[in-house]
Amino acid sequence: MGLCSLMERITRAKVKDCFKDEEGTVYFVVGKGEFGKAVGKAGSSIKNVQQELGRKVKVIEYSDSVTEFIRNIIYPLTAAEIVEDNGLISIKEPYKIAKSLLIGRGGKNIKLINRAVKRFFNYEVKVV
């Protein structure tokens, strides 16, 4: 909770959730329409947060649509198609390079995507 309040105090953006990965990067999920406020002009707000925390920070904009939320998580990458089917979300990507970036070394990125999605929705995500 301390991380969320620090982020809100510095950026004035409404933070819905935050979590860390194994490398210490802190991920903040901000409310819909709050992404620009969280990042700040030319990234100034996010740089202040990173300086205060002493670690890398990433911001994800929340969306009520699970497919749009996944697009926000994987940004700046894009997926050819994101399909929802019986509690399973498939990120379809025809290019091997983009597919490998979505999965990440040792499955790190897909684990992060699944972790973020499961915090708000009851879905399993895979890359096809």
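Residues numbered from 1 in each chain as written. Predicted model: local features only at pLDDT ≥ 70, side-chain atom pairs only at ≥ 80, totals over all residues. Heavy atoms only, no water.

The sheet built from three strands is open, its strands ordered β4-β5-β6 with mixed pairing. Only two strands of the sheet have a single neighbouring strand rather than two, namely β4 (81-85) and β6 (124-127). Between one strand and the next, the sheet's axes are offset by a mean angle of 20°, whatever the strand orientation. As defined by bridge partners, β4 adjoins strand β5 (residues 88-92) across five bridges and the pair is classed as antiparallel. When the sheet's bridge partners are listed, Asp85 is paired in β5 with Leu88. (Pairing = 2+ DSSP bridges. Helix = DSSP H or I, 4+ residues; strand = E, 2+ residues; numbered from the N terminus. Axes fitted to C-alpha atoms, helices over the stretch in contact; angles between N-to-C directions.)

In spatial order, the strands read β1-β2-β3; together these three strands make up an open sheet with mixed pairing. Strands at the two margins of the open sheet, each flanked by one partner only, are β1 (15-20) and β3 (57-61). Neighbour to neighbour, the strand axes of the sheet diverge by 20° on average, direction disregarded. Taken strand by strand, helix α1 (residues 2-11) contacts β1, β2 (26-30) and β3, and its axis lies near 125° from that of β1. Contacting β2 and β3, helix α3 (residues 44-53) crosses the sheet at an angle of about 135° to β3. (Contact = heavy atoms within 4.5 Å.)

This next bit is on the pairing of β6. Going residue by residue along β6, you find Val125 and Val127 tucked away on one face and Glu124 and Lys126 left uncovered on the opposite face. Bridge count between β5 and β6: four bridges; the pairing is parallel. Among the inter-strand pairings, Ser90 is bridged to a residue of β6, identified as Lys126. (Buried < 20%, exposed > 50% of the residue type's maximum accessible area, 1.4 Å probe, protein only.)

Looking now at helix α6 (residues 108-120). If you check which residues of α6 are buried, you get Ile110, Leu112, Ile113, Asn114, Ala116 and Val117. The elements touched by buried residues of α6 are β1, β2, α4 (66-74), α5 (96-103) and β6.

Here the focus is the pairing of β2. Along β2, five of the five residues are buried, which leaves the element largely enclosed by surrounding structure. As judged from the five bridges shared by β1 and β2, these two strands associate in the antiparallel manner. When the sheet's bridge partners are listed, Phe19 is paired in β2 with Tyr27. As judged from the five bridges shared by β2 and β3, these two strands associate in the parallel manner. For Tyr27, the partnering residue across the bridge sits in β3 and is Lys58.

A word on the packing of α1 against α3. Relative orientation of the contacting elements α1 and α3 amounts to 140°, with a least axis distance of 9 Å. Classed by the angle they form, the pair α1 and α3 counts as oblique. The chirality of how α1 crosses α3 is right-handed. Contacts between α1 and α3 involve Leu3, Leu6, Met7, Ile10 and Thr11 from the first element and Ser45, Ile46, Asn48, Val49, Glu52 and Leu53 from the second. (Parallel < 35°, antiparallel > 145°, perpendicular 65-115°, else oblique. Left-handed = near helix turned anticlockwise from the far one by under 90°.)

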